[in-house]
Amino acid sequence: MFTKRTLAAVALVAASAITLSACSTSEATAGDVDASTATTVEDFGGMEALIAAAQAEGELNVIALPDNWANYGEIKALFEEKYDIVVNSADPDVSSAEEIAAADNLKGQDAAPDVFDLGTAVALDSLDYFAPYMVANWDEIPEGNKEATGLWVNDYTGSMSIGYDSNSVPEPASLDDLLKADYRGAVALNGDPTQAGAAFAALGLATVHEGGTLDDFTPGIEFFEKLNDAGNFIPVNVTGATIAAGETKVAFDWSYNNLAAAATVDGWKVTTLPGAVYTSFYNQAISKDAPHPAAARLWQEFLFSPEAQNLFIVGGAYPVTIQALQDAGTVDSDALDALGALEGELVTPTPEQAENNATILAEKWAAAIG
Amino acid sequence: MSASRTAPVQRGETASTRAKPANQAVRIGAEPSALTRRLILGIIGAIFLIPVIAMIEFTFRNGLAGDYTVSHWTGLFSEDSARTYRGLYQAIGNSLVLAAVTVGIVLLLLLPTMVLVHMQLPRLKRTLEFICIIPITVPAIVLVVGLAPVYSVVVKVLGGSTWTLAFAYGITVLPYAYRAIQSNLDAIPVKTLSEAASTLGAGWMTVLWTILLPNLRRGVLAASFISIAVVLGEFTIASLLNRRNLQTALLQVSQSDPWVAVIFALFALALAFVLLLIIGRLGSATLSRRKS
Amino acid sequence: MSLATAPAPEQDGVEHSARHHPRVALVKPSNRRRRLAYAGLTPFAAYVLIFLALPTILAVVTGFFSDDGTLTFDNVTGLFTPTIIATFGSSFWLSGVSAVIGAVVGALICYAMLGTRVGGVLRTIIESAASVLAQFGGVMLAFAFIATIGVQGLVTVILRDTFGVDIFADGVWLYQVPGLVLPYVYFQVPLMVITFLPALTALRPQWAEASATLGGTRFAYWRHIAAPVVAPAFLGSLLLLFANAFSSFATAAALISQGSQIVPLQIRAALVSETVLGRENMAGALALGMIVVMVVVMWAYSVLQSRTSRWQR
């Protein structure tokens, strides 16, 4: 980092030598509150003031939130409608790592991301990028699902599932089934596991089903190596588009994503393998360099409100405040009934395990599928 | 077959009647027969057409259903497309702004420098050429590694608007724009013109504005068009600096709606073809004018 | 992006520059005016310095520093780890194969174009088409090939359903390095046409006539006269194609999403996952490796080019 800064200083001297343009840094403050350092809604002086400050900014930049991911399409639309704030949705299909890279590259620009939605491994590695914030219903979020100062907060979870095109391939009943000739060139991941949370989780699922533990994803990596050697692995990122176009016929992905695909693509079905169920929360965080700091905080408040949390359920995901919703009777019970409870032998990596495995993947993944 | 039958006759002819213009299509020893030519161009042309045809076919596909539909095309003009493709239209706007600013850089920075060097500092001509060719040796993917820190400063000084990316694009178009302008510059008898003008008492600024620039119209147009074509096709720098332009938006759209992405790709391809066809016409027009 | 694809309005402009060179500008410039002229260069010089020289230097120099700013050769020696060497190997293989195929097919087109009229309809169309297709590399090209030979591609489906040939019987190679060859050839061939056509059309008709007059066969003409003359140009164009493929990023980025099998993708991975992998400055070292290769190739190209231009006068 030091190097970059030193070199950047060189660049600054060179640039200012010819640029007579005045510095035009627009500090986004609303009224007398510095939104970028506010850690609760009280710092704004209440919800009304926060809304006013956010509306004064007028826009919110989100990144890596596909419309068909955990119902984010509806959630973004509702936010726009409710607060009259334009949601700029950049690069919906990038990985968690690319979200952070975007924050780096766009630092100081109007288009920089305001909020992140990150896989655990990347989130824990990127604490420097976050601004702490505690939403109004902070207490409804279970203790283990948030960083103590509010740097990151779990938002929703789901289980790792296998989606498949039932028109052209049979339903897989075990991991080893996927090695059969029926699945030639068919099995895909949602992203590169060294960068993307969903693909990382797929490796975790494969690991536990291959008899390994979450301490070390090597068995999972070896499974995908076998899959690749058999010619069954297709190195294409699963998106709604690849499913709809028939390019990826079997997809390891979060249950909510596969359910969303099943709702729109005829013949797309979802299954979970018998045995361990791999779940993992995504992490919501506000960028400390957010160009729209108030809107970012309003988004956070909105996302953890019963309204948006219920929309996650509609989209097939389990929101972090689900217990509180059920206790208060505000849960969308129709949607929850349709989804069913998250049951079985649930496994989730600890933050340490996530970090260790990120290192292991960085070492071994490229070689395994090269 | 046909080659061996006709060749001797024609060869004899050309050998004896070689007073014709060199560029007339007379068959001599080096040339293929008309049949060979048609075969080669026909087969390779057909192979090169396949992906384009496949793209067109793809835009009429109806997903997994396996039949055809025009809904992907009609969907472009429907009411709700505005929200769905908001990002794409915005990105097209960005690319057009970038193309315009890049052309501006070519016209306001490169062109005056080239003219200046040509007229006043001919000794620097080699150096200038060398500099303008460097971007071929330093690929965009390498440049972007160093551009990231540079842009973190540029953004502080100029703000983070879309158009600032054009500074990087001005570099990537440098070899193309240089070549287009230089070949035009070389074709004008600068010395004769400027001597004539200065005999009549004109200063070199006057020569520049009233004589040189009007004569450089074609080269400048060609440079502008090729710059536009390059900027509209640029992906590497925009993608790795997380900027939004036509190409990054196309990739993004393709992940939710591949058909629309392909439709827009076809449009972009057609536009590029027209632009470059115009350059081709400009080129041959200059050529024939000079020949006459 | 591809290189040198601008159809220069005139191919033979260079020679004219020699003739019209204003060796003595208008009047002998005074010292003051000369200084003014140099001053006029500063905007462009500053621009090139900031947006070309500085990024290039930054890209290369960061490779020699560690995360905390101390001088280190770890990143550069990191280039010689098996993974990175394999990456450079794939890049060489891909660039080499696509360059050779592109050069041979492109040269064939150039041969077919011999004798067509400069500025004629056929020539203009093919030259424009070549310019477009040479610029076609990138995201759109990836789309085209997914539509053509993707799992559900037009050609894949026709071959499978009509001829019973499954091109992906051993796995889907389109999204791996071998799958890049066809798309790359698609922009290499047009680039070959653009760069090689001027050299081939510069063959003097008189040589062919002389050869024929002396009773030489067409084969003898090609073997003893034409081939030696165009060989440097052919090799030069081949090198340019190699460099073009070596530096190409967008097509691969749009097609390959697992692993980083070629150098440009490795650079992307190093840039994106620096926080995860803790290899902040590996991108710089990779950039350095790439520049070294490019400089060698382009140097050889310019040597061959200067040999070629002798014949084009």
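Here the structure is a predicted model, which is why all the values come from computation and not from measurement.

Draft legend 1. Highlighting the overall build of chain C. Counting its regular elements, chain C contains 15 helices and 0 strands. Within chain C, the fraction of its 313 residues that count as buried is 54%. In chain C, the share of contacts with a sequence separation of at least 24, taken over all contacts with a separation of at least 6, comes to 78%.

Draft legend 2. Fine view of the nonpolar core. Ranked by size, the top nonpolar core spans 307 residues in total, and within it Ala177 of chain B together with Phe143 of chain C carry the most contacts. Among all residues touching Phe143 of chain C, those that are not within four sequence positions of it are Met55, Ser254, Ala261, Val262 and Ala265 of chain B.

Draft legend 3. Quick peek at the sheet that holds strand S9 (residues 250-254) of chain A. All names here are of chain A. Ordered in space as S8-S9-S7-S10, the 4 strands form an open sheet in which the pairing is mixed. Two strands lie at the open edges of the sheet, namely strand S8 (187-189) and strand S10 (268-271), each paired on one side alone. Across the sheet, the mean angle separating the axes of adjacent strands is 30° when strand polarity is ignored. The pairing of S8 with S9 spans 3 bridges and is parallel.

Draft legend 4. Spotlight on the packing of helix H5 (residues 86-119) of chain B against helix H3 (residues 42-62) of chain C. At a minimum axis distance of 9 Å, the contact between H5 of chain B and H3 of chain C shows a crossing angle of 125°. With respect to their mutual orientation, H5 of chain B and H3 of chain C come out oblique. For the element pair H5 of chain B and H3 of chain C, the recorded crossing hand is left-handed. Only Pro43, Phe44 and Tyr47 of chain C of H3 of chain C make contact with H5 of chain B, whose side of the interface consists of Leu109, Leu110 and Thr113 of chain B. By residue class, the composition of the contact of H5 of chain B with H3 of chain C is 5 nonpolar, 1 polar and no charged.

Draft legend 5. Representation of the confidence of the model for chain A in the model. All names here are of chain A. Here chain A shows a mean pLDDT of 85. Residues at 70 or above account for 91%. Ranking the elements of chain A by mean pLDDT puts helix H1 (residues 2-18) last with 47 and helix H10 (residues 293-303) first with 94. Taken together, the stretch residues 1-5 has pLDDT below 50 and engages in 8 contacts with residues farther than four places along the chain or on a different chain. This model gives residues 11-30 a pLDDT under 50, and the stretch forms 32 contacts once residues within four places in sequence are excluded.

Draft legend 6. Here's a closer look at the UniProt feature "transmembrane region" (unreviewed entry) in chain C. Residues and elements named next belong to chain C. UniProt's entry tags residues 36-65, 85-111, 132-159, 179-200, 221-243 and 282-304 with the feature "transmembrane region" (unreviewed entry), counted in the numbering of this structure. Segment residues 85-111 splits into 100% helix and 0% strand. End C-alpha atoms: 38 Å apart. End-to-end, the C-alpha atoms of residues 179-200 are 31 Å apart, and along that stretch the chain is 100% helix and 0% strand.

Draft legend 7. A look at the packing of H5 of chain B against helix H9 (residues 174-187) of chain B. Residue and element names in this part refer to chain B. As a packed pair, H5 and H9 sit with axes 11 Å apart at the nearest point and diverge in direction by 40°. By the criterion of interaxial angle, the relationship of H5 to H9 is oblique. Of the two possible hands of crossing, H5 and H9 adopt the one that is right-handed. Taken together, the residues of H9 that come into contact with H5 (itself represented by Val106, Leu110, Leu111, Met114 and His118) are Ala177, Tyr178, Ile181, Gln182 and Leu185. The residue inventory of the contact of H5 with H9, partitioned by class, reads 8 nonpolar, 2 polar and no charged.

Draft legend 8. Looking closely at unusual backbone geometry. Residue and element names in this part refer to chain A. The phi torsion at Ala64 lies on the positive side, around 60°, for a residue other than glycine. Mapped onto the elements, Ala64 comes out in the loop between strand S1 (59-63) and helix H3 (72-83). For Ala64, a count of 25 C-beta atoms within 10 Å translates into the label buried. A positive phi angle is found at Asp84, which is not glycine, with a value near 55°. Secondary-structure assignment places Asp84 in the loop between H3 and strand S2 (86-90). When the 11 C-beta atoms within 10 Å are taken as the criterion, Asp84 is described as exposed.

Draft legend 9. Structural context of helix H9 (residues 177-201) of chain C. Helix length check: H9 of chain C, at 25 residues, gives a terminal C-alpha distance of 35 Å against a target of 36 Å (1.5 Å per residue), a fit within 8%. Along its length, H9 of chain C reaches its greatest deviation from straightness, about 35°, at Thr195 of chain C, and the proline Pro198 of chain C lies no more than four positions downstream.

Definitions and limits used
- Residues numbered from 1 in each chain as written.
- Chains lettered and ligands numbered in written order.
- Predicted model: local features only at pLDDT ≥ 70, side-chain atom pairs only at ≥ 80, totals over all residues.
- Helix = DSSP H or I, 4+ residues; strand = E, 2+ residues; numbered from the N terminus.
- Buried ≥ 20, exposed ≤ 12 C-beta atoms within 10 Å, placed from the backbone.
- Contact = placed C-beta atoms within 7 Å.
- Core = buried A, V, L, I, M, F, W, Y, C linked by C-beta atoms within 7 Å.
- Pairing = 2+ DSSP bridges.
- Axes fitted to C-alpha atoms, helices over the stretch in contact; angles between N-to-C directions.
- Parallel < 35°, antiparallel > 145°, perpendicular 65-115°, else oblique.
- Left-handed = near helix turned anticlockwise from the far one by under 90°.
- Nonpolar A, V, L, I, M, F, W, Y, C, P; charged D, E, K, R; others polar.
- pLDDT = per-residue confidence, 0-100.
- UniProt positions renumbered as here; feature names shortened; annotations may be inferred.
- Expected span 1.5 Å × (residues − 1).
- Bend = angle between axes of the 7 residues up to and from the residue.

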